[in-house]
Amino acid sequence: MEMGTILKTLQDPMGIPFYPVVFQALMVLTFALHIMFVNFTLGTSFLSVYGYLKGGENWTRLSRSLAKATTVNISMAMLLGVAPLLFVQVVYDPFWYASNTLSAAWVMGFIFIMMLGYSLTYVFYLKRDHKTGGGFAIFGIIAFALFLLSGIIMHALGYQLLQPEKWLNWYIKGNTVDTSGTSLHAFQLPRFLHFIIPSFAMTGIFLMLYAWYFKNRADFDKGYLEWVGKTGAKMAFIFTAIQAVVGFWWLFSLPAGFSFFTNPFFLIGAALGIVLLVFLYNAQKDPVKYAVPGVLGAFLTIFGMSYAREALRMKYLGRFDYSIFNYKLNIDWGSTALFLSTFVMGLLIIGYLLAVAYKSGRTSGEYVATPSMNKWGKISIALLLCWIGIVAGLGIIISVRNYL
Amino acid sequence: MYPIWEVPNLTAGIILALIATFHILPSHFSTSAMWFNVYVETKAYRENRPELLEFIKRYSLLLLVFSYVLGSLSGIGIWYAATVANPRGISGLIHNYVWGWATEWVFFIIEVTGIFIYYYTLGKVDKKTHLKIGWIFAIGSWTTMVIIVGILSFMLSPGKWPETGNFFDGFFNQTYWSQLLMRTTLMFGISAAYAIAVATRIKNEDVKAFITKTASKWGIAGIILGSILLLWYLKTLPARPHELISILAPKTLKTGMIVTAGLLILYFIYAGMKPLSIRLIPAILAIVVIFGGIWSTERIREMIRKPYVISQYMYSNQIIGKAIPAKAVAAEANVINEKGILKVAPFVPEGLKEVNDANALQAGKMIARIECLSCHTLNERGLRPMPQMVKRLEFKKEVEKAKEVEEIEAFLDGLGGYPYMPPFMGTPAEKMALATYLDSLAIIK
Ligand code: HEM
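All values reported here derive from a predicted model rather than from experimental measurement.

*Asks:* I would appreciate a short explanation of the interface of chain A and chain B in the present structure.
*Replies:* Often, the extent of an interface is quoted as the loss of accessible area upon association of its parts. Listed per partner, the contact involves 107 residues of chain A and 92 residues of chain B. The contact between chain A and chain B buries some 8,800 Å² in all, and 76% of this surface belongs to carbon and sulfur atoms. The tally of links from chain A across to chain B stands at one salt bridge. Across the salt bridge formed by Asp169(B) and Arg401(A), the nearest N and O atoms sit 3.2 Å from each other. At the junction of chain A and chain B, the tally comes to 23 residue pairs in polar contact (both at pLDDT 80 or more). A per-element tally of the side of chain A that touches chain B places helix H14 (residues 371-403) of chain A first, with 19 residues. Split by residue class, the side of chain A that touches chain B holds 71 nonpolar, 28 polar and eight charged.

Okay, structure coming up:
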């Protein structure tokens, strides 16, 4: 069979319940958020170990904060990884499942590697009071190495997916098949680095945010915060510059036939990157002032780059006449409405939670909610109860109609 | 049909089952723990007993680390395991229920941000605000159960979905309510067992006694109500799985469930009477007992879904058994019987696409991998090992090999007659190849 035909037959016969462009947009957006927190995770995990080993008052203090931040960042990275995991399987199912089953043992290994890495992160954060020796850093070091390994697996799966022409060779050996799933078959260094190097740039911006966020807290030393901000701004600039170089390396290693350098998505992404670099250069003088626009600008760049990554995928898979826009449709308005309304409601509620966290973190003592915050909280709870009421009502109506 | 992952002796399906079972401990804990927490926290504020907050702190740290490190990852692990064990099955679910899962994901974000903020702001924000966060978490995380039960129960009892193809017809199927209520009550039993374990680590005897006593009441109520609802759940099961319970479920599993419930009730009663005497080890043992009970139930649920992975639609071996006209999905038996499974499945060596005398054995093994591996290992040991299965049929040794093969072919013709196995699908030549392979297994010893 022709690979193009195989891919068509592999597509799920159910079709998809809404227009592919919506799934694609959600996938790219959530992937951008995912990779941003992956970057925060790798960077804060690395720096927390570095600071711990380096010692000194500032680094020790920063190391503790970053170890705590890693536990939150990794949770967010996972959380935000779930959504693209879902959407990629909706529109790219033939590729996703083939790539995963070909390396099945690694796919399962990934879960255990993450569990171990995450647990060690907690050990490194929670248990540091009792142990002070340099040997204790080993927990943080192993955790970082495991996260990096997770990234290698993710990358290999994502890159295998783009090369259907090689799948049969990887799987079939003469008249028999390799069902062990123990090999990773593809790895592209510049692509991988393009997702990993930003960890240090983003963590630089993270430090700028840290300096900005705590600037009004009386219990934070001014000199310390200034040092954190400056260190962050320097890191952010240097690694963004390195990232630009890696980006071009990747670009030149792509198949020439793609002419990707004229692709509008790529051009927008690259332009955003250059603007960010200039912006970060200016940020050196006053990192605190540039922190919030800095993180917004960085996210915008990541978002642009994520669309470029998706455009690149369309190039790779276009070679087999595969386009998500030809996917069979079985539009389901009911469940689409369920998600969209829940999503909007969710943003309101998550907004409340984050607002409480934000305000309490900026207050030295106990934070007492203002009346408007209290109202927001009450509305959040009411919304949740309404949601349950509506869904249960719908369920009862359907059950009565179908079974009574 | 995607590439196949073979796990020697175990099958990929068992890996999935192990992770899924493990996941129940943290996930049911996460949906129920906060109810216990807000109850205790409210009491602490109303009766001015700040010492109770020590329990809150520890219990939520356990929740944070256990449920949101091991729990979320094992949840993702179930998904990954399903991906590599049964890609077409998970794909079928996702292509129907993607918005369901996306909705679940929204609540997942609420949960995770909620627990972090709940834990880290304890004592740092005013009481009312902190309780609000607790409530948001408690309701939000129970809602994840409201959603996932719809998808889980759909796999076993798809309701009117095979006719209408409608999302909500499958979601609110005939076992939805009984399963939701059963899990909801049982989860309180689970959170109670965890609460007692945490209480054993608390020095203050008043706090310890109060928590243990409260938990013992929650536990007894949860287990008793849960067991009653389990009976209701069994009644709501469609006829076919019902029949399979009596055929397939080993007695040990059933007794396992009853013994578990009995032991737990005794444990909770004892904990209520002598709250200070419970130590950490027995408290953990109680959680292990729960694990055993859940393992039994989940194994039974898994067994009675046979021969389907998605009931009334897709067989366990990923072949679409029944058409869903509402979604313009055709069944695959005709195409496979006409063209051959080795031709229809793309990931098959070129040299095996056409069966002949020389490659019959290899082709047969390939067919077994595609059509039988989801339920039988091809090794000597493990999950329903094929060699033992074939031996059990006691085909007689014949002078002529062809005669043996013929007998096995006759058995394959009747495969679909077993209530728990899908029919054999393929051309006559492929049937011969599979029979040759099965014959070779029976001879080895
Ligand atoms: C610290 C752990 C992790 C690291 C370092 C990591 C890293 C990465 C990297 C580098 C990529 C891009 C690969 C490429 O395109 O070449 C990626 C993609 C992705 N990751 Fe992660 N990841 C982590 C955890 C997770 C988790 C836990 C999930 C699932 C919940 C996840 C889901 C995804 C998805 C769905 C994609 C996109 C796949 C695609 O669009 O092709 N990741 N990750």
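*Asks:* Explain the packing of aromatic side chains here, please?
*Replies:* Aromatic ring pairs are defined here through the distance separating the ring centres and the angle between the ring planes. Per the counting criterion, the structure on display carries 85 aromatic pairs over all chains. Taking the centre distance of 5.4 Å and the plane angle of 25 degrees together, the rings of Phe339(A) and Phe343(A) count as stacked. In this pair, Phe339(A) and Phe343(A) both sit in helix H13 (residues 333-362), four residues apart, roughly one turn of the helix. Ring centres of Tyr176(B) and Trp177(B) lie 5.0 Å apart, and the angle between their planes is 80 degrees; this geometry places the pair in the edge-to-face category.

*Asks:* I would appreciate a short explanation of the coordination of the iron atom of the ligand in the present structure.
*Replies:* For a metal with four donors in a tetrahedral arrangement, the ideal angle between donors is 109.5 degrees, while six donors in an octahedron ideally sit at 90 or 180 degrees. Among protein residues, the single donor to the iron atom of the ligand is His34(A) (NE2), with a metal-donor distance of 2.3 Å. Within the fold, His34(A) resides in helix H2 (residues 20-54).

*Asks:* Would you take a moment to explain the site of the ligand for this structure?
*Replies:* Close to the ligand lie 23 residues; His34(A), His155(A), Arg191(A), Arg309(A) and Arg313(A) are nearest. Neighbouring residues of the ligand are distributed over chains A and B. At a separation of 2.8 Å, an oxygen atom of the ligand approaches a polar side-chain atom of His155(A). Among the secondary structure elements, those contributing two or more residues to the shell around the ligand are H2, helix H3 (57-91), helix H5 (104-126), helix H6 (137-160), helix H8 (189-196) and helix H12 (287-318) of chain A. In terms of residue count, the dominant contributor to the shell around the ligand is H3(A) (six residues). Its residues placed into classes, the shell around the ligand shows 15 nonpolar, five polar and three charged.

*Asks:* I tried to follow the nonpolar core on my own but got confused; where do I start?
*Replies:* Nonpolar side chains in soluble globular proteins tend to be buried together. In this structure, Phe87(A) and Phe55(B) are the most contacted members of the largest nonpolar core, which totals 285 residues. Sort the elements by how many residues they give to this core and helix H3 (residues 87-121) of chain B lands first, with 21 residues. In terms of nonpolar packing, the next biggest core, distinct from the first, is built from 11 residues, Met182(B), Leu230(B), Tyr233(B) and Leu237(B) among them.

*Asks:* What should I look at first to understand unusual backbone geometry in this one?
*Replies:* The general pattern is negative phi for most residues beyond glycine and trans for most peptide bonds. Between Lys306(B) and the following residue, Pro307(B), the backbone shows a cis peptide bond with an omega angle of -5 degrees. Tracing the sequence through the fold places Pro307(B) in the loop between helix H11 (280-303) and strand S1 (308-310). In this model, Ser259(A) sits at a positive phi of 35 degrees, which is unusual for a non-glycine residue. Of note, Ser259(A) is situated in the loop between helix H10 (222-253) and helix H11 (264-283). Positive phi outside glycine occurs at Asn48(B), with the angle close to 50 degrees.

*Asks:* Could you clarify how one ought to interpret the side chain of Asn402(A) in this entry?
*Replies:* With respect to the helices, strands and loops of the structure, Asn402(A) is situated in helix H14. On the basis of relative accessibility, which here comes to 12%, the residue Asn402(A) falls in the buried class. Engagement of the side chain of Asn402(A) in a polar contact is seen with the side chain of Asp169(B), the distance being 2.9 Å. Apart from residues lying up to four places away in sequence, Asn402(A) is in contact with Lys160(B) and Asp169(B).

*Asks:* I would appreciate a short explanation of the side chain of Arg49(B) in the present structure.
*Replies:* Residue and element names in this part refer to chain B. Take Arg49: it is sitting in the loop between helix H1 (12-46) and helix H2 (52-85). A distance of 3.3 Å separates polar atoms of two side chains, one belonging to Arg49 and the other to Glu47. With residues near it in sequence (within four places) discarded, Arg49 still touches Ala44 and Phe210.

*Asks:* I'm lost on the packing of H1(B) against helix H7 (residues 176-199) of chain B in this one. Help?
*Replies:* Each packed pair of helices is defined by two parameters, the angle between the axes and the distance between the axes. All names here are of chain B. Contact geometry of H1 with H7 gives a least axis separation of 8 Å together with a crossing angle of 85 degrees. Considered as vectors, H1 and H7 are oriented roughly perpendicular to each other. Where H1 approaches H7, its residues Leu25, Pro26, His28, Phe29, Thr31, Ser32, Ala33, Trp35 and Phe36 are matched on the opposing element by Arg183, Met187, Phe188, Ile190, Ser191, Tyr194 and Ala195. Its residues placed into classes, the contact of H1 with H7 shows 11 nonpolar, four polar and one charged.

*Asks:* Help me understand the domain arrangement of chain B in this model?
*Replies:* Residues and elements named next belong to chain B. If you check the domain split of chain B, you get domain 1 (12-315) and domain 2 (335-441). Between domain 1 and domain 2, the residue contacts involve 10 residues of the former and nine residues of the latter. Buried area between domain 1 and domain 2, summed over both chains or domains, comes out near 790 Å², and the portion from carbon and sulfur atoms is 74%. Together, Lys306, Pro307 and Tyr315 form the three largest contributors to the area buried by domain 1 at its contact with domain 2, with a combined 49%. The tally of links from domain 1 across to domain 2 stands at zero salt bridges.

*Asks:* Sorry if this is basic, but what is going on with a nonpolar patch on the surface here?
*Replies:* On the surface, Tyr19(A), Val21(A), Met314(A), Phe325(A), Leu329(A), Ile331(A) and Trp333(A) cluster together into a nonpolar patch covering about 640 Å² of accessible area. Mapping Leu329(A) onto the fold places it in the loop between H12 and H13.

*Asks:* What should I look at first to understand the domain arrangement of chain A in this one?
*Replies:* Residues and elements named next belong to chain A. When its domains are assigned, chain A resolves into domain 1 (3-331) and domain 2 (332-404). Here the C-alpha centroids of domain 1 and domain 2 sit 29 Å apart. The interface of domain 1 with domain 2 comprises 13 residues on the first partner and 10 residues on the second. Surface buried jointly by domain 1 and domain 2 totals about 1,000 Å² across both partners, of which 56% is contributed by carbon and sulfur atoms. Connecting domain 1 to domain 2 are zero salt bridges. Our enumeration of links across domain 1 and domain 2 arrives at seven residue pairs in polar contact (both at pLDDT 80 or more). Among the residues making up the side of domain 1 that touches domain 2, the classes are represented as eight nonpolar, two polar and three charged.

*Asks:* For this particular structure, what's the right way to read the pattern of salt bridges?
*Replies:* Opposite charge on two side chains permits them to pair, given that their charged atoms come into close proximity. All names here are of chain B. A full pass over the atoms with the stated rule returns 13 salt bridges over all chains. Residues Glu51 and Arg49 are paired through a salt bridge, measuring 3.8 Å at the closest nitrogen-oxygen approach. The class for Glu51 is partly exposed, based on a relative accessible area of 31%. With a shortest N-O distance of 2.8 Å, Arg88 and Glu332 are connected by a salt bridge. Taken as a pair, Arg88 in helix H3 and Glu332 in the loop between strand S2 (314-315) and helix H12 (333-339) lie far apart in primary sequence, 244 residues in all.

*Asks:* Would you mind going over the environment of Met27(A) with me for this structure?
*Replies:* All names here are of chain A. Within the secondary structure layout, Met27 lies in helix H2. The buried category is assigned to Met27, whose relative accessible area is 3%. Every residue in contact with Met27, bar those within four places of it in the chain, is listed here: Pro84, Phe87, Val88, Tyr92, Glu310 and Arg313.

Calculation rules
- Residues numbered from 1 in each chain as written.
- Chains lettered and ligands numbered in written order.
- Predicted model: local features only at pLDDT ≥ 70, side-chain atom pairs only at ≥ 80, totals over all residues.
- Heavy atoms only, no water.
- Contact = heavy atoms within 4.5 Å.
- Buried area = accessible area lost by both parts, 1.4 Å probe.
- Salt bridge = Lys/Arg side-chain N within 4 Å of Asp/Glu carboxyl O.
- Polar contact = N/O pair within 3.5 Å; in protein donor to acceptor, adjacent residues only side chain to side chain.
- Helix = DSSP H or I, 4+ residues; strand = E, 2+ residues; numbered from the N terminus.
- Nonpolar A, V, L, I, M, F, W, Y, C, P; charged D, E, K, R; others polar.
- Phe/Tyr/Trp six-rings, centres within 6.5 Å; stacked < 30°, edge-to-face > 60°.
- Donors = N, O, S within 2.8 Å, 3.2 Å for Na, K, Ca; no water.
- Near = heavy atom within 4 Å.
- Core = buried A, V, L, I, M, F, W, Y, C linked by side-chain atoms within 4.5 Å.
- Buried < 20%, exposed > 50% of the residue type's maximum accessible area, 1.4 Å probe, protein only.
- Axes fitted to C-alpha atoms, helices over the stretch in contact; angles between N-to-C directions.
- Parallel < 35°, antiparallel > 145°, perpendicular 65-115°, else oblique.
- Domains from an automatic or database assignment.
- Patch = residues over 30% accessible without salt bridge, like charges linked within 9 Å, V, L, I, M, F, W, Y side chains within 5 Å.
- Areas by Shrake-Rupley, 256 points an atom, 1.4 Å probe, with all protein chains shown as cover.

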